Amino acid sequence: MFKTFNPSFSTIILNRFFILFSSLINVESVKIKKQKFIDKMMPLIIEENRLILADRKNLIRVYDYLINNKTLSKNDQKFIKDISESYFVKTSNRHKVDIIEELLNKVDIIPNSIVMAQAAIESGWGSSRFAKDHNAFFGQYTYDSKEGVIPNFREDGKKHLIKFFLTPQHSLKSYFNNINTHSAYKAFRSKRKFLRQN
């Protein structure tokens, strides 16, 4: 008759050690993955906020000059025209003071932590197909077939696409513009304005 095999105490301990060790390796690899994502994205987020802040400072300069002098240079007029187009602010039949005040509500930074958190959630810390293959870190929709790719699990009858980008920086720029212009984020912009004033 064969003897029933009973693993020794040392064998049980060894098996448990390997299980624990494997778990620790997995945890460590996840930490490394997340840190790499942060290291990649944070400089881009900081740079985008820097560019926006530079535009905001220029807007404030133009606003103050307009209030004090009742006129603007051609360069400043062009700046207001161009940035108004970027932020979807109407300019026809409007006083420039009103235009700039609306712009100041939109041309503003978004906290780095908010941008990073949303990028991590939407892209699975950069591991999603859209992030890896299409630089799409925020799951922004489009209906233009020249600008988007079809989601794998899109419901029947739905026509939305996930917008793709040439670089991660382009994805960030589009995200910032979306937060700063879309009506869905009006409450966020109002809260941000309130915090600036207080």
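Below or above, wherever it landed, is the structure these notes cover. Computed from a prediction, not measured in an experiment: that's the story for all the values here.

**A word on the overall build of the protein**
Okay, step 1: A count of helical and extended segments in the protein gives seven helices and three strands.
Okay, step 2: Here the protein, with 198 residues, has 32% of them falling under the buried criterion.
Okay, step 3: A sequence separation of at least 24 residues applies to 55% of the contacts in the protein between residues at least 6 apart.
Okay, step 4: Accessible surface, the protein as shown: approximately 13,700 Å² in total, 58% of it carbon and sulfur.

**Quick look at the sheet that holds strand 1 (residues 141-142)**
Hydrogen bonds between backbone atoms are what pair the strands of a sheet, whose relative direction is either parallel or antiparallel.
Okay, step 1: Here three strands make up an open sheet; going across it, the order is 1-3-2 and the pairing antiparallel. At either margin of the open sheet sits one strand with a lone partner, and together these are strand 1 and strand 2 (148-149).
Okay, step 2: In this structure, strand 2 lies alongside strand 3 (residues 161-163), joined through two bridges in antiparallel fashion. Bridged to Val149 within strand 3 is Ile162.

**A word on helix 6 (residues 168-181)**
Okay, step 1: For helix 6, spanning 14 residues, the distance from its first C-alpha to its last is 20 Å, which sits close to the expected 20 Å at 1.5 Å a residue.
Okay, step 2: With ten of 14 residues buried, helix 6 lies mostly within the body of the structure.

**A closer look at unusual backbone geometry**
Okay, step 1: Although it is not a glycine, Lys70 sits at a positive phi angle of roughly 60°.
Okay, step 2: For Lys70, the location among the structural elements is in the loop between helix 1 (9-69) and helix 2 (74-86).
Okay, step 3: A relative accessible area of 67% means that Lys70 is categorised as exposed.

**Regarding the packing of helix 2 against helix 3 (residues 96-106)**
Okay, step 1: Helix 3 packs onto helix 2 with a crossing angle of 50° between their chain directions and a minimal axis gap of 11 Å. By the criterion of interaxial angle, the relationship of helix 2 to helix 3 is oblique. Relative to helix 3, helix 2 is oriented so that their crossing is left-handed. Counted together, Gln77, Ile80, Ile83 and Ser84 of helix 2 and Lys96, Ile99, Ile100 and Leu103 of helix 3 form the full contact between these two elements.
Okay, step 2: A per-class count over the contact of helix 2 with helix 3 returns five nonpolar, two polar and one charged.

**Some points on the packing of aromatic side chains**
Okay, step 1: Using the criterion set out here, one finds four aromatic pairs in the structure.
Okay, step 2: Note on Phe37 and Trp125: the rings are 5.8 Å apart at their centroids and 80° apart in plane angle, and the pair reads as edge-to-face. Here Trp125 lies in the loop between helix 4 (112-123) and helix 5 (129-134) and Phe37 lies in helix 1, a separation of 88 residues in the sequence.
Okay, step 3: Phe37 sits in the buried class, given a relative accessible area of 4%.
Okay, step 4: Owing to a relative accessible area of 27%, Trp125 belongs among the partly exposed residues under this scheme.
Okay, step 5: Taking the centre distance of 6.2 Å and the plane angle of 45° together, the rings of Phe37 and Phe137 count as tilted. Placement of Phe37 in helix 1 and of Phe137 in the loop between helix 5 and strand 1 is noted, with a sequence separation of 100 residues between them.

What counts, and where the lines are drawn
- Residues numbered from 1 in each chain as written.
- Predicted model: local features only at pLDDT ≥ 70, side-chain atom pairs only at ≥ 80, totals over all residues.
- Heavy atoms only, no water.
- Helix = DSSP H or I, 4+ residues; strand = E, 2+ residues; numbered from the N terminus.
- Buried < 20%, exposed > 50% of the residue type's maximum accessible area, 1.4 Å probe, protein only.
- Contact = heavy atoms within 4.5 Å.
- Areas by Shrake-Rupley, 256 points an atom, 1.4 Å probe, with all protein chains shown as cover.
- Pairing = 2+ DSSP bridges.
- Expected span 1.5 Å × (residues − 1).
- Axes fitted to C-alpha atoms, helices over the stretch in contact; angles between N-to-C directions.
- Parallel < 35°, antiparallel > 145°, perpendicular 65-115°, else oblique.
- Left-handed = near helix turned anticlockwise from the far one by under 90°.
- Nonpolar A, V, L, I, M, F, W, Y, C, P; charged D, E, K, R; others polar.
- Phe/Tyr/Trp six-rings, centres within 6.5 Å; stacked < 30°, edge-to-face > 60°.

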